Structure formats: structure tokens, C-alpha cells
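Fold and contact review
Listed below are the residues making up each chain.
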Amino acid sequence: ILVEKSMRGWKEVEYEVVRDAQDNCVTVCNMENFDPLGVHTGDSIVVAPSQTLSDAEYHMLRTAAIKIVRHMGVVGECNVQYALNPHSMEYCVIEMNARLSRSSALASKATGYPLAFVAAKIGLGWTLPELQNSVTTTTTACFEPSLDYVVTKIPRWDLAKFNHVSRDIGSCMKSVGEVMAIGRTFEESLQKAIRSVDPSFAGFAPLPGLTPNDKELEEMLRSPTDRRLFYLAYAMIERGYSVDRLHEITAIDRWFLYKLENICEVHRALRDPHQTLQNLTRAQLETAKRTGFSDAQIARLTNATEDGVRAARAAFGLRPFVKRIDTLAGEFPAPTNYLYTTYNAATDDVSFGDRGTMVLGSG
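All of the points below concern the structure found in this document. (Residues numbered from 1 in each chain as written. Predicted model: local features only at pLDDT ≥ 70, side-chain atom pairs only at ≥ 80, totals over all residues. Heavy atoms only, no water.)

If you check which residues of helix α7 (residues 243-250) are buried, you get V243, L246, H247, I249 and T250. Down the axis of α7, the buried set is contained in an arc of 165 degrees. They therefore lie on one face. Where α7 is buried, its residues contact α5 (214-222), α6 (228-237) and α8 (254-271). A251 sits one or two residues past α7 and shows a positive phi near 65 degrees. (Buried < 20%, exposed > 50% of the residue type's maximum accessible area, 1.4 Å probe, protein only. Helix = DSSP H or I, 4+ residues; strand = E, 2+ residues; numbered from the N terminus. Arc of directions from axis to C-beta. Contact = heavy atoms within 4.5 Å.)

So, in C-alpha cells, the structure goes:
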């Protein structure tokens, strides 16, 4: 007899754990799915580090992950996936993969911690204290990264290439790839990631020609598809759906929905008929940039040109700052060349005194 319990609406959380033969054990990264349980991690928007867990929930799951890995005797890298009840401390272990996975690749890029390299060295008999932290080059690999930025991963689908194919996503993975974006806020990180998925996506905004009726809209919000994010944008911007109403329909955590509402507020302010590029203040433009809006997005909403927005931004002295991924949130110097740009900063982590060479690649 198969007895099943519905966990629909629970949060899905994942921990990447590394353990060596001497029982040194660290959790390198914890990640949280934007979509509630029911969507394959490969088809879900994933945020690292987790944003909605309380301190008690974070440490409860971290302790459980380490106990599981030690009990199973794993030497190397593995990940533990959880379902967490958002209304209590109840959780279930979905699975434990004693291997590198796509999530491991995301965790490695998100933290700058070379999981595959460390796992290979551990397999050859090295211990974590003996291995060097490749980011700082002065500390050991026996540490847990501390992030002062937000990483958002969005899957990429090619479902439009096939006729009569269902756009629904669930426990069977349909995505053919994924993109990752780094920012200092979730809003900035999400909008950068959306634009990376497809050049035709401006950011968190309704897609052109998207005009569902009430019944269609509610169905598209309730059932996860590869376009649900854009239906959320349509519901919030065009129909004025509240955070509570959307949470009731989608079971997406309110924290994420409030962050999306922040983007929508800036979108509506820029789209105001009385708002033009000429009367746009420095504070308004800076808020838009810090919320992840591109020059092209702002130009479209204010009926201006991208070059015009860029010129206005330059006149106000607004430019992105270059920050370095250091895995220790500035506690130790990090000479790595792993960089990202953000408007949510006040200084550069890198000086650009030398005339370097930039290599642009595409493929």
C-alpha cells in the first residue's frame, strides 16, 4: 500500500555539503526555490542564499544535513533537498544526492567555492584543512561561505519550438539550460537574470500581447508554466492583484511577492503619463537602477531612447560599481578576479588603473 501525503505549497530548500575522510563537514551553500514544492528544481527559479528562512529554520536544516551526510558516510560532495512546512518547523527530506549535480554547479558559481575541485581532492585523500581556499588563497577550504549578495537562477525552456507541447512544468524537468545573475538585492538580481534568459525579455514586466481574461489569468497563476513569472507581472501591474491574493493563488512566499511588488511600484511610476525623461529626478533614476531596471526598460516606459536614458544617467553621475565575490563578505582580502556589477554600492572593489584587455565571447 502506497500512502502519500500532500506537501503542496511547502517550501523547497537545498543544502550543498562537503565532508572529508576525517569527518570534517561544512555546508557550502543553501538555496531556496522561488516556486513552492511541486516544481522540479531544474525548472524552478532558485535563489542563493535562502531569503525567507528564519535563523532557527536555517540551522535546523543545516544540522540535519550534516547528520544525514555523516550517517551515510559520504566522503566528497553531496546535496540534501528538503520540503519545509511554511507554517511550522516540520520538514521532510526529499532526497540526498551523493554526487555533483546541476545544483552543485550553481552553488559553486554562486559562492566561488570550487566544489568539483575540492571533491576530487577529497577523493584523493586530502582533508578540508589541508586544501587552500582558492578565493582568498590565505585561508583553508574548511569554511562556510558568507555571501553579501543575492544570486538568482532562472531556467531556460525551448517549448515554443514544438507544436502542441504542454507549457506546464512539474516534477519532470523540461528546461534545456539556465542562467545565473548576481546583485545586491533580489529585485536587481531577478531582473538581470530575466534579461539573460532571452534578449526579448525586458525584465519583470508583462510580455507584449499578453491579455488573458480573469479565468485564464487565475489558471495561469495557479498552474506553474514557463511563463508564470510574466503572468505574475501582468496580474500585479495591469490588474492590481495584491500580494495576499497572489499568495493565496500561487503559494509563493509573501517575501518574494513583496519584492516583486517593489519592482511594480517603480514600473508604474516610470509609466505615469506625466513622467518623462526630462523631468526624471536623480533619486527616481537611481531607484530604478537599484531595482534592476535597464536603460532600455526605462526608455520604453518613459517614451525615450536608450541613448537618452544613458546620457541622463551619465549627467547625474550614476554608474554601476564593480564588486568582487569574496565568499567571506569582506572578512579576509580576496584577490580573485570573480566580479559583478551593481548599482547598490558606493565603491568599487577593483581599481582600474591599468589598461587591460577585455575578451568578449559568445557561445
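The description of an aromatic ring pair uses the distance of the two centres, along with the angle that the planes make with each other. According to the stated counting rule, one finds ten aromatic pairs in the structure shown. Aromatic side chains Y15 and Y58 sit 5.8 Å apart centroid to centroid with 40 degrees between the ring planes, which places their arrangement in the tilted category. A residue pair is termed long-range when its members are at least 10 positions apart, and Y15 in strand β1 (residues 11-19) and Y58 in helix α1 (residues 55-72) qualify at 43 residues. On the numbers, 5.5 Å between centres and 85 degrees between planes, the contact of Y82 with Y91 is edge-to-face. Its relative accessible area of 0% is what places Y82 among the buried residues. Y91 gets classed as partly exposed once you look at its relative accessible area, which sits at 32%. A connected cluster of aromatic rings, assembled from ring pairs, spans Y15, Y58, Y82 and Y91. Positioned above the aromatic ring of W126, the side-chain terminus of K121 is 4.5 Å from the ring centre. Taking NZ or CZ as reference, R245 lies 3.9 Å from the ring centre of Y241, over its face. (Phe/Tyr/Trp six-rings, centres within 6.5 Å; stacked < 30°, edge-to-face > 60°. Lys NZ or Arg CZ within 6 Å of the ring centre and 35° of its normal.)

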